[in-house]
Amino acid sequence: QVQLVESGGGLVQPGGSLRLSCAASGSIRSITAMGWYRQAPGKERELVATITSGGSTNYADSVKGRFTISRDNAKNTVYLQMDSLKPEDTAVYYCNAQDLWRLDYWGKGTLVTVSS
């Protein structure tokens, strides 16, 4: 079992920045990849960024060049640095972890609102 807790969401103006954190606990040694997904009202949950245990990253085209995913293995924490935020980035952001058996774990989400 893996537990994920997100933090760092909030209200920012367009062009602003925000840093999300996701702390993992439980069977963390089984995690092969972690990432961030988001879901806007009326939309399906979509991938934002992922990072594997080997450090490979993947980004949605919509955030490429603006968002950066990183990790601190000692703290079992993954971060999402969000820069140049746009109103269309407004969504609930969910932390995700996948284990060796391809099971997915999800945090409860943190709301990011980009508005002037």
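These lines cover the structure that appears in this document, whether it is placed above or below. (Residues numbered from 1 in each chain as written. Predicted model: local features only at pLDDT ≥ 70, side-chain atom pairs only at ≥ 80, totals over all residues. Heavy atoms only, no water.)

**Let's talk about the pairing of strand β5 (residues 46-52)**
Turning to step 1, where the next piece is worked out: As paired elements, strand β4 (residues 31-39) and β5 share six bridges and run antiparallel to each other. In the sheet register, G35 faces β5, and the bridge partner there is T50.
Turning to step 2, where the next piece is worked out: Where β4 hands over to β5, the hairpin turn is made up of six residues, of which G42 adopts a positive phi near 75 degrees.
Turning to step 3, where the next piece is worked out: Here β5 pairs with strand β6 (residues 57-59) via three bridges, running antiparallel. Residue pairing for β6: A49 is matched across the bridge by Y59. (Pairing = 2+ DSSP bridges. Helix = DSSP H or I, 4+ residues; strand = E, 2+ residues; numbered from the N terminus.)

**Details of the nonpolar core**
Turning to step 1, where the next piece is worked out: Counting 29 residues, the largest nonpolar core has L4, M34, W36, L80, M82 and Y93 as its most contacted members.
Turning to step 2, where the next piece is worked out: Contributions of two or more residues to this core are made by β1 (2-7), β3 (18-26), β4, β5, β7 (67-72), β8 (77-82), β9 (91-99) and β11 (110-114). (Core = buried A, V, L, I, M, F, W, Y, C linked by side-chain atoms within 4.5 Å. Buried < 20%, exposed > 50% of the residue type's maximum accessible area, 1.4 Å probe, protein only.)

**Things to note about the pattern of salt bridges**
Turning to step 1, where the next piece is worked out: As enumerated under the stated definition, the model contains four salt bridges in all.
Turning to step 2, where the next piece is worked out: Taking the shortest distance from any N to any O, the salt bridge between R38 and E46 comes out at 2.8 Å.
Turning to step 3, where the next piece is worked out: Close ionic contact of K64 with D61 constitutes a salt bridge, the shortest N to O distance being 2.9 Å.
Turning to step 4, where the next piece is worked out: Assessed through its relative accessible area of 66%, D61 is described here as exposed.
Turning to step 5, where the next piece is worked out: The network of salt bridges with shared partners includes R38, E46, R66 and D89. (Salt bridge = Lys/Arg side-chain N within 4 Å of Asp/Glu carboxyl O.)

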